[in-house]
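Residue-level structural notes
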Amino acid sequence: MTDNNKTSSQPASTIWGGRFAAGPSEIMAKINVSIDFDKRLYAQDIQGSKAHAAMLAATGIISVDDERAIQGGLDRILAEIQAGEFVFKTEYEDIHMNVESRLSQLIGEAAGRLHTARSRNDQVATDFRLWVHDAMDGIGAMLQALQAALLDRAEQHADTVMPGFTHLQAAQPVTMGHHLMAYVEMFGRDRSRFADARKRLNECPLGAAALAGTSFPIDRFQTAAALGFDRPTANSLDSVSDRDFALEFMTAAAIAAVHLSRLAEELVIWTSAQFRFVSLSDAFTTGSSIMPQKRNPDAAELVRAKTGRVIGDLTALLIVMKGLPLAYSKDMQDDKEPVFEAADTLELAVAAMTGMIRDMRVNAETLRKAAGAGFTTATDIADWCVRAVGMPFRQAHHVAGRLVKLAEDKGCGLEDLSLDEMRAIEPGLTEDARKVLSVDFSVASRTSHGGTSPTNVRQAIATARKQWL
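Residues numbered from 1 in each chain as written. Predicted model: local features only at pLDDT ≥ 70, side-chain atom pairs only at ≥ 80, totals over all residues. Heavy atoms only, no water.

1. What to know about the overall build of the protein chain
Put simply, the rule reads: Think of it this way: any DSSP run of H or I at least four residues long counts as a helix, any run of E at least two long counts as a strand, and we number them from the N terminus. The reference for a compact globule is 2.2 Å times residues^0.38; the radius of gyration itself is calculated from the C-alpha atoms. Buried means the residue's accessible area, taken with a 1.4 Å probe over protein chains only, is under 20% of the maximum for its type, while exposed means over 50%, and partly exposed covers the values in between.
Looking only at helices and strands, the protein chain has 19 helices and 6 strands in total. What you see for the protein chain is a C-alpha radius of gyration of 31 Å, clearly larger than the 23 Å of a compact globule of 469 residues, by over 25%. For the protein chain, the spread of C-alpha atoms along the principal axes amounts to about 100 × 55 × 40 Å. Counting only residues that meet the buried cut, the protein chain has 48% of its 469 residues in that class.

Put into structure tokens, the structure is as follows:
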């Protein structure tokens, strides 16, 4: 058996080696390293270092020559990483020291001056905020594309009647356009949540140093502006220990994933042989290894499943942060993997859903037949009794219920009952009452703000295009 507890033969890290005579154990080295995942922060790390170097030179803390050498070296490192030529090394632990080590190779002693008046604590907090900021913008753009796909489909089917459900039971007729517009609203709220969280994120921790600030005459407002932040953070302790921005990002991501899952579930139901409301092409379905007739909505099912991963990532970071005293603790090294995974998972799910919405074929005739099944216009006859007969709604509800019972006993629809049969239950009913039993009449009559009438749907689409696209 290998003794993984033995002390490494390597010398102590040059980062903090002045205090240590020997290197860490192999297990310690393995658990401590983060470069395998935090190398994703390379662009943000270099961006932050360039802004920091410029500020150090502007305040006279380092020379202009050193700053020029640092900037040139950082540009070269960025080019090497983007070209796939940079070698990330685990002995340097993280993205910060990998970049600094390579900078030292390139420009020598001047590289050591870059870390003046900062710590890896404020450095990673800044890098991470910049990365989450970019992720929010990217996901926001993808959600906008999904809304555009939904709006296009809603416009095509503003008049297409379908059953609306409560408890997954046929309730009242609606239009497919109206149904799809509900998701436009949901994803609009998701975009708003990301945008709102982005406002609170947009403060710069750089210059907070390890936890207490620095004695050097730095200009934190300069670095904040250079990096696109609104202002520097106000408290150095909070600056390095805050991960609210990551939690807010993942909260918004989890809610968005739930919305995707709800739409995915509807696609799974709608594509089933029992519903056949919509069809998906080969692009977003798979077959069965044993049943040749199958067309499985696997993309929708996987979107539904991946929601659990995003929620799990949020839970993981909440648990990491829940008991940490101020300021920085190494636990917070585990903040990035769940955020990266949540972002990657959500991006894939949004892309898949956008593709499915653009790909799906709506079976309008099937929807029309289903819209009238299950006595979905019963509420319309009750409303008619209120308007035309002056009945209290509770009494009208009772009349409509008796008509439904009669139709159910006869095995027919409400519209198939004769006027005589209807008047035997309520003498005030007239031939005009029979007109409201049409699904087209039902949806057209729902003209209240936010209602399902085709006119409303088209107005809502026009408003949404101006608001969201």
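Still more ground to cover, so stick around.
2. What about the nonpolar core?
Put simply, the rule is: We call a set of buried residues a nonpolar core when its members are Ala, Val, Leu, Ile, Met, Phe, Trp, Tyr or Cys and they connect through side-chain atoms within 4.5 Å of each other. Residue contacts are counted whenever heavy atoms from the two residues lie within 4.5 Å of one another.
Core analysis: the largest hydrophobic core is formed by 92 residues, its most contacted members being Phe249 and Met353. In contact with Met353, other than residues within four places in its own chain, are Leu146, Leu260, Leu263, Ala264, Leu267 and Val303. Ile381, Ala382, Trp384 and Cys385 belong to the second largest nonpolar core, which has 21 residues in total.

3. Some remarks on the pattern of salt bridges
We count it as follows: Salt bridge, as applied in this entry: a Lys or Arg side-chain nitrogen positioned within 4 Å of an Asp or Glu carboxyl oxygen.
The final tally for this structure, using the stated rule, is 31 salt bridges. Here Arg113 makes a salt bridge to Asp66, at a shortest N to O gap of 3.1 Å. Of the two residues, Arg113 sits in the loop between α5 (95–107) and α6 (120–156) while Asp66 sits in helix α4 (residues 64–82), which places them 47 residues apart along the sequence. With a relative accessible area of 15%, Asp66 lands in the buried category. Residue Asp190 pairs with Arg193 through a salt bridge whose shortest N-O separation is 3.1 Å. With Asp190 and Arg193 both in helix α7 (residues 176–201) and 3 residues apart, the pair spans about one turn of that helix. According to the relative accessible area criterion, Asp190 is buried, its value standing at 0%. Residues joined by salt bridges that share partners form a network here, namely Asp152, Glu155, Arg358 and Arg465.

4. Some points on helix α19 (residues 454–468)
To keep things clear, this is the line we draw: The span expected for a helix works out to 1.5 Å for each residue beyond the first. Of all possible arcs, the one meant is that of the directions from the helix axis to the C-beta atoms.
Its 15 residues place the ends of α19 20 Å apart at the C-alpha level, agreeing with the 21 Å of an ideal helix rising 1.5 Å per residue. Among the residues of α19, those classed as buried are Pro454, Asn456, Val457, Ile461, Ala464 and Trp468. Summarising the axial view, the buried residues of α19 lie within an arc of 145°, below the 170-degree limit, and thus occupy one face. Opposite the buried face of α19, by more than 90 degrees, sit the exposed residues Thr455, Gln459 and Lys466. Check the buried side of α19 and you find it contacts α6, β2 (169–175), α7 and α18 (439–445).

5. Brief notes about the packing of α6 against helix α10 (residues 244–270)
As a reminder, the rule being used: Only the stretch in contact is used when a helix axis is fitted, and all axes are lines through C-alpha atoms; the angle between N-to-C directions ranges over 0 to 180 degrees. Note that the term roughly parallel is reserved for angles under 35 degrees, roughly antiparallel for angles over 145, roughly perpendicular for angles of 65 to 115, and oblique for everything else. In this scheme, a crossing is called left-handed if the near helix is turned counterclockwise away from the far one by less than a right angle; it is called right-handed if the turn is clockwise. Just so you know the grouping, Ala, Val, Leu, Ile, Met, Phe, Trp, Tyr, Cys and Pro go in nonpolar, Asp, Glu, Lys and Arg go in charged, and all remaining residues, Gly too, go in polar.
Close contact between α6 and α10 brings their axes to 10 Å; oriented N to C, the two are set at 20°. Accordingly, the angle class assigned to the pair α6 and α10 is roughly parallel. Considering the relative orientation of α6 and α10, their crossing is left-handed. Mapping the contact onto sequence places Ala125, Phe128, Arg129, Val132, Ala135, Met136, Ile139, Leu146 and Leu150 in α6 and Phe245, Ala246, Phe249, Leu260 and Leu263 in α10. For the contact of α6 with α10, a count of residues per class yields 13 nonpolar, no polar and 1 charged.

6. Brief notes about the packing of aromatic side chains
What counts, and what does not: Between rings of Phe, Tyr and Trp, where Trp is taken as its six-membered ring, a pair exists when centres lie within 6.5 Å; planes separated by under 30 degrees are stacked, by over 60 edge-to-face, and by other angles tilted. In our convention, an over-ring charge means Lys NZ or Arg CZ found within 6 Å of a ring centre and within 35 degrees of that ring's normal.
One pass over the structure, following the stated rule, counts 9 aromatic pairs. When the centroid spacing of 5.8 Å and the interplanar angle of 50° are considered together, the rings of Phe194 and Phe249 count as tilted. Of this pair, Phe194 sits in helix α7 while Phe249 is found in helix α10, placing the two residues 55 residues apart along the sequence. Neither Phe194 nor Phe249 differs from the other in exposure class; each is buried. Summarising the aromatic geometry, the rings of Phe275 and Phe277 are spaced 5.1 Å apart at their centres and angled 75° between planes, so their arrangement reads as edge-to-face. The class for Phe275 is partly exposed, based on a relative accessible area of 24%. Note on Phe277: relative accessible area 3%, which makes it buried. Ring pairs connect the aromatic residues Phe128, Trp131, Phe245 and Phe340, which therefore count as one cluster. Seen from the ring of Phe340, Arg40 lies directly overhead, with NZ or CZ sitting 4.7 Å from the centre.

7. A few points about unusual backbone geometry
Here Leu326 and Ala327 are connected by a cis peptide whose omega angle stands at 5°. Even without being a glycine, Ala117 presents a positive backbone phi close to 65°. Note on placement: Ala117 falls in the loop between α5 and α6. Overall, Ala117 belongs to the buried group, its relative accessible area being 8%.

8. A look at a negative patch on the surface
Note the threshold: Patch construction takes residues with relative accessible area above 30% that form no salt bridge. Like charges are linked within 9 Å, and nonpolar side chains (Val, Leu, Ile, Met, Phe, Trp, Tyr) are linked within 5 Å. Accessible surface is estimated by sampling points in the Shrake-Rupley manner with a 1.4 Å probe; for residues, cover comes only from the protein chains shown. As used throughout, the charge tally considers Lys and Arg to be positive and Asp and Glu to be negative, leaving His and the chain termini uncounted. Each charge is placed at NZ for Lys, CZ for Arg, CG for Asp and CD for Glu.
On the surface, Asp36, Asp331, Asp334 and Glu337 cluster together into a patch of negative charge. The exposed category is assigned to Asp36, whose relative accessible area is 58%.

9. Remarks on the packing of helix α14 (residues 378–389) against helix α15 (residues 393–410)
Following both chains from N to C, one finds α14 and α15 inclined at 135°, their axes separated by 8 Å at the closest point. In terms of orientation, α14 and α15 fall into the oblique class. Regarding α14 and α15, the two cross each other, and that crossing is right-handed. Here Ala378, Ile381, Ala382, Asp383, Cys385 and Val386 of α14 lie close against α15, whose contacting residues are Phe393, Ala396, His397, Val399, Ala400, Leu403 and Val404.

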